[in-house]
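Chain by chain, the residues:
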Amino acid sequence: MDAAAATAVNGVLEVEERKAQKSYWEEHSKDLTVEAMMLDSRAADLDKEERPEILSLLPPYEGKSVLELGAGIGRFTGELVKTAGHVLAMDFIESVIKKV
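So, here's what we can say about the structure. (Residues numbered from 1 in each chain as written. Predicted model: local features only at pLDDT ≥ 70, side-chain atom pairs only at ≥ 80, totals over all residues. Heavy atoms only, no water.)

Moving on, we come to the pairing of strand β1 (residues 65-69). Here β1 shows a clear split, with Val66 and Glu68 buried on one side and none of Ser65, Leu67 and Leu69 buried on the other. Inspection of the sheet shows β1 paired to strand β2 (residues 86-90) by five bridges, in the parallel sense. Bridged to Ser65 within β2 is His86. As for the winding sense of the linkage, the β-α-β connection from β1 through helix α4 (residues 77-83) to β2 is right-handed. (Buried < 20%, exposed > 50% of the residue type's maximum accessible area, 1.4 Å probe, protein only. Helix = DSSP H or I, 4+ residues; strand = E, 2+ residues; numbered from the N terminus. Pairing = 2+ DSSP bridges. Right-handed = clockwise from strand over helix to strand, strands pointing away.)

Listed below in C-alpha cells is the structure:
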C-alpha cells in the first residue's frame, strides 16, 4: 500500500474511531458523575488523590489564560478558575457542555 492509500485508509479509520468515541460518551454522559466519567466506582476517592497531583504537573497558570480541552464534567475547571486569569473549558459532547 502506498503512502496516499495508507493516509486515506487511516483517515477513514480515524473518522470512524472519532464517531465511535463520540457515540460512547454521548450515551454515557447522561449520568454526569465523576464515577460515570472516570468509569470507576471508586472515582471520588481517586479524584481526591489524583487531582492535586495532576494540577501540580502543570506549568504556572496563575493569572494566565487557560484552554482546557476535553473538560468533561469540569473536574479540573473549578480548580483552574481559582487562580487562572481566564479559563475556556471545552468538550466535544454537547450534553456535557450544556449541563456544566
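Back to the text.
On to the pattern of salt bridges, then. Enumeration according to the criterion identifies six salt bridges in this entry. Of the charged contacts in the structure, one is a salt bridge between Asp47 and Arg51, with a shortest N-O distance of 2.3 Å. Note that Asp47 and Arg51 are positioned in helix α3 (residues 43-56) at a spacing of four residues, about one turn of the helix. By relative accessible area, Asp47 is classed as buried at 6%. Here Arg75 ties to Glu50 by a salt bridge, and the two come within 2.5 Å at their closest N and O atoms. One end of the pair, Arg75, is in the loop between β1 and α4; the other, Glu50, is in helix α3, with 25 residues separating them in the sequence. In this structure Arg75 comes out as buried when scored by relative accessible area, which is 16%. (Salt bridge = Lys/Arg side-chain N within 4 Å of Asp/Glu carboxyl O.)

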